[in-house]
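Each chain is listed here by its residues.
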Amino acid sequence: MTGDARLLEVIRLGHPTLRAIAEPVPEEWFGSGRLADLGRDMVRTMLEEHGVGLAAPQVAEGIRLFTYWVPGTDDEPEIPPVILVNPEIRPVGDDIEEGWEGCLSIPGLRGMVPRYRRLKVKAHSIEGDPVSLTADGFHARVLQHEYDHLDGIVFLDRMASTRSLAFEPEWETYVLAAEPDEE
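A. View of the overall build of the chain. Secondary structure assignment for the chain yields four helices and eight strands. For 183 residues, the compact-globule formula gives about 16 Å, and the C-alpha radius of gyration of the chain, at 16 Å, lands near that figure. Put simply, the chain has 183 residues, and 41% of those count as buried. Of all intrachain contacts in the chain linking residues separated by at least 6 positions in sequence, the fraction that spans at least 24 positions is 65%.

Right, here's the structure in full:
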């Protein structure tokens with residue numbers, strides 16, 4: 001999927017596109033080389049930057065598109081890279097859980113962010129085909145994080161408190177080292 005893809009520049013907090021509301025992808029773009037190229041380039045960039053998601057505004061494209069993948073665990077299989085165009089999300093239930101997040105556009109920082117535990121997504125593929133899915137846990141967290149980028153929102157805006165905010169080396173040393181193994 002990423003063979004001929006270009007590596008894109010990930011913009012950082014302060015760039016105006018990151019805080020703007022993205023425009024819907026026009027119908028005539030579906031199935032186009034432009035959309036396919038952008039999706040492929042974004043997947044490559046996301047993977048090379050060691051991210052689990054990347055929204056078009058993060059590469060200075062003000063359109064409603066993002067890509068993501070979910071690493072496998074002992075309990076859940078990997079979800080390979082997916083590209084969603086013009087997504088809509090809806091929480092399922094009221095369950096909210098806090099979890100650690102970081103962002104390629106805010107490099108080096110981590111913080112605790114409350115997110116819905118479960119949600120439904122309706123979107124389109126880059127070909128224009130309808131996509132519908134239900135996501136739970138980390139999968140739902142990634143989708144909400146990327147969807148926020150389409151509305152000019154970053155994870156810092158969603159934090160209930162900034163007290164958990166930590167630079168990654170300190171987060172690894174003091175936070176991750178103090179958490180019990182989940183085995």
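B. Up close: helix α1 (residues 33–48). In this model, α1 (16 residues) spans 22 Å end to end at C-alpha, consistent with the 22 Å of a helix rising 1.5 Å per residue. Burial in α1 covers these residues: Leu35, Leu38, Gly39, Asp41, Met42, Val43, Thr45 and Met46. A positive backbone phi angle near 60° is found at His50, which sits one or two residues after α1.

C. Spotlight on the sheet that holds strand β4 (residues 96–103). On the basis of which strands lie adjacent, the open sheet formed by three strands has the order β4-β5-β8 and antiparallel pairing. Each edge of the open sheet is held by one strand with a lone partner, namely β4 and β8 (166–167). When β4 meets strand β5 (residues 106–116), the two strands line up antiparallel, connected through seven bridges. Directly across from Cys103, in β5, lies its bridge partner Ile106. Across the sheet, helix α2 (residues 137–150) touches β4 and β5, and the angle it forms with β4 is around 60°.

D. Fine view of the sheet that holds strand β7 (residues 130–136). Read from one edge to the other, the open sheet built from five strands follows the order β1-β2-β3-β6-β7, with strand pairing classed as antiparallel. This sheet does not close on itself; its edge strands, each paired only once, are β1 (53–55) and β7. Across this sheet, the average inter-strand angle for adjacent strands is 40°, counted without regard to direction. Across five bridges, strand β3 (residues 79–91) lies against strand β6 (residues 118–124) in antiparallel orientation. Paired with Arg90 across the strands is Lys120, a residue of β6.

Rules used in this analysis
Starting from 1, residues in each chain are numbered consecutively following that chain's sequence as written. Owing to the predicted nature of the model, reporting of local features is limited to residues with pLDDT of at least 70; listing and counting of side-chain atom pairs is limited to 80 or more, with chain, interface and lining totals taken over all residues. Excluding hydrogens and water, the side-chain figures rest on all heavy atoms present in the structure. Working definition: helices are DSSP H or I runs of at least four residues, strands are E runs of at least two. Numbering for both runs from the N terminus. We compute the radius of gyration from the C-alpha atoms alone; for a globule the expected value is 2.2 Å times N to the 0.38, where N is the number of residues. The buried label goes to any residue with under 20% of its type's maximum accessible area, the exposed label to any with over 50%, and the partly exposed label to all in between, with areas taken from a 1.4 Å probe on protein chains only. The contact criterion used is simple: two residues touch if any of their non-hydrogen atoms lie within 4.5 Å. Helix span, expected: 1.5 Å multiplied by one less than the number of residues in the helix. The rule for pairing is simple: two strands pair if DSSP sees at least two bridges between them. Angles here are taken between N-to-C directions and fall from 0 to 180 degrees, while the axes themselves are lines fitted to C-alpha atoms, restricted in helices to the stretch in contact.

Shape is all these values report; function is a separate question.
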